Amino acid sequence: MLVQTPPMGWNSWNTFGDRINEKVAMEMADAMVELGYKDAGYQYIVLDDCWSLPERGEDGRIVANPEKFPHGMKYVADYVHSKGLKFGMYSCSGVRTCCGLPSSFGHEYLDAQMFADFGVDFLKYDYCNFPETAKCRLAYLTMAQALRATGRDILFSACNWGCEDSWEWMRSIGAHMYRSTGDINDTFQSMAGIVQSQLFNHVSPSETNYNANAAGCFNDTDMLTVGMYGNGNVANNAVKQTYREYETQFAYWCASGTPLMMGCDIRNVDDECRKLLQNKELLAINQDPECRPLLRLCNDKNHPTFMRELSNNEFVLFCANFIDGTRHTHFYFPDMGIPTNCGCKIDMTNVITGEHLGAFADTCQFEVPEHGCLVLRCKFVK
Ligand code: GAL
């Protein structure tokens with residue numbers, strides 16, 4: 001299977017936007033190895049929009065921008081591979097990419113073969129400039145099949161922002177991850193809005209967008225902004241997030257089992273955020289081999305609360321506090337299928353602090369700081 005657990009990597013868009021080039025890609029690959037990200041499990045270096053010239057070449061193929069990529073894309077792919085990493089690129093299902101460059105509508109099989117010839121291992125496939133009369137599902141199916149037809153293993157990262165209730169069908173057309181949100185930016189409000197949209201499905205408010213999240217295909221809530229601190233393409237210098245806000249973001253992505261595509265400049269990220277992005281306990285929860293979807297425990301959008309079953313009979317509890325002031329969170333064990341007369345206690349460890357909290361029965365209560373979160377690894381004890 002191409003993706004057994006949520007994909008992990010780095011994508012150029014959040015920090016670099018259109019300012020990508022081969023030097024950026026190669027330095028990110030170096031940083032991935034030298035700064036410990038590869039050892040932590042991150043694998044993909046993905047170049048987003050803006051890698052090509054404005055028009056296709058005479059042979060119909062998209063042409064890499066020679067100023068940005070003087071040695072061509074295969075050269076970059078080979079370098080990334082030489083570091084033991086995988087290489088990702090970008091195209092779009094419409095007639096032009098979001099930045100107005102050549103896109104794959106009507107060229108799916110040609111472009112898929114071009115990406116395979118470059119040595120691409122991952123294709124992000126966007127949804128801008130999509131013809132009114134065209135069919136979204138068919139367009140994504142066509143590219144998924146075109147990638148398969150190349151015979152190369154290429155992870156298909158479908159990015160139609162959740163349009164046409166994509167969480168219901170992206171798994172069936174062969175996607176390996178699917179964006180079900182609009183674009184994130186580097187603010188706490190943007191991140192919180194994304195979380196709320198995922199936990200409260202707009203079509204069926206009692207559902208979440210995670211029911212199809214499982215090995216083989218994962219719900220994607222966009223690239224992380226952890227560590228950007230107001231710098232880069234999707235940031236606004238006037239608004240800087242705090243470390244605690246980044247911790248909440250990363251903890252949510254991990255606890256919910258979402259792909260982890262870093263968006264900061266991993267060459268320069270501060271030590272605190274680098275350690276967060278490489279936190280072994282949070283990553284182990286993200287990569288749990290059972291890959292189960294989360295189960296929402298509360299209807300309060302400002303205090304997203306859920307559990308997620310893990311392997312080895314364990315489970316994780318998550319709660320965040322999106323509003324000002326401290327929140328006192330109660331967990332009532334019957335909500336988690338653990339009635340008062342069950343004869344068990346629940347042993348809990350605070351994943352972020354590493355503190356062993358002891359064994360609880362019936363209920364437990366914790367303080368969650370403003371814009372902070374709580375991640376508890378839980379197991380049954382008799
Ligand atoms: C958006 C997409 C972003 C980024 C951008 C590039 O549609 O959601 O993640 O890829 O296009 O233009």
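Provided above is the structure to which this section pertains.
Summary of the structure given here. (Residues numbered from 1 in each chain as written. Predicted model: local features only at pLDDT ≥ 70, side-chain atom pairs only at ≥ 80, totals over all residues. Heavy atoms only, no water.)

### A short note on the packing of aromatic side chains
As enumerated under the stated definition, the model contains 21 aromatic pairs in all. Centroid distance Tyr 37 to Tyr 42: 6.0 Å. Interplanar angle 75°. Geometry classified as edge-to-face. Relative accessible area serves as the criterion here: at 1%, Tyr 42 is assigned to the buried category. Ring centres 4.9 Å apart and planes at 20° place the aromatic pair Phe 306 and Phe 318 in the stacked group. (Phe/Tyr/Trp six-rings, centres within 6.5 Å; stacked < 30°, edge-to-face > 60°. Buried < 20%, exposed > 50% of the residue type's maximum accessible area, 1.4 Å probe, protein only.)

### Observations regarding the sheet that holds strand β14 (residues 356-360)
The sheet built from six strands is open, its strands ordered β9-β10-β11-β16-β13-β14 with antiparallel pairing. Across the chains shown, the open sheet's two edge strands, defined by having one partner strand only, are β9 (295-296) and β14. As paired elements, strand β13 (residues 345-350) and strand β16 (residues 373-381) share six bridges and run antiparallel to each other. Following the sheet pairing, Asp 347 is matched in β16 by Lys 379. (Pairing = 2+ DSSP bridges. Helix = DSSP H or I, 4+ residues; strand = E, 2+ residues; numbered from the N terminus.)

### Comments concerning unusual backbone geometry
At Trp 161, a position not held by glycine, the phi torsion is positive, near 60°. With phi around 60°, His 371 is a residue other than glycine that occupies positive phi space. Using a relative accessible area of 11% as the deciding quantity, one classes His 371 as buried.

### Some details on the pattern of salt bridges
Within the structure shown, the criterion is met by 16 salt bridges. Here Lys 124 makes a salt bridge to Asp 48, at a shortest N to O gap of 2.7 Å. Here the residue Lys 124 occupies a position in strand β4 (residues 122-126), and Asp 48 occupies one in the loop between β2 (44-46) and α4 (73-82), the gap between them amounting to 76 residues. The two residues Lys 124 and Asp 48 agree in class, both being buried. Its salt-bridge partner being Asp 183, residue Arg 179 comes within 2.8 Å of it at the nearest N-O pair. (Salt bridge = Lys/Arg side-chain N within 4 Å of Asp/Glu carboxyl O.)

### Here's the deal with helix α9 (residues 243-256)
Counted at 1.5 Å a residue, the expected span for α9 with its 14 residues is 20 Å, and the 20 Å between its end C-alpha atoms agrees. With twelve of 14 residues buried, α9 is to be regarded as a mostly interior element. Regarding α9, the residues found buried are Glu 245, Tyr 246, Glu 247, Thr 248, Gln 249, Phe 250, Ala 251, Tyr 252, Trp 253, Cys 254, Ala 255 and Ser 256. Once α9 ends, the next one or two residues include Gly 257, with phi positive near 80°. (Expected span 1.5 Å × (residues − 1).)

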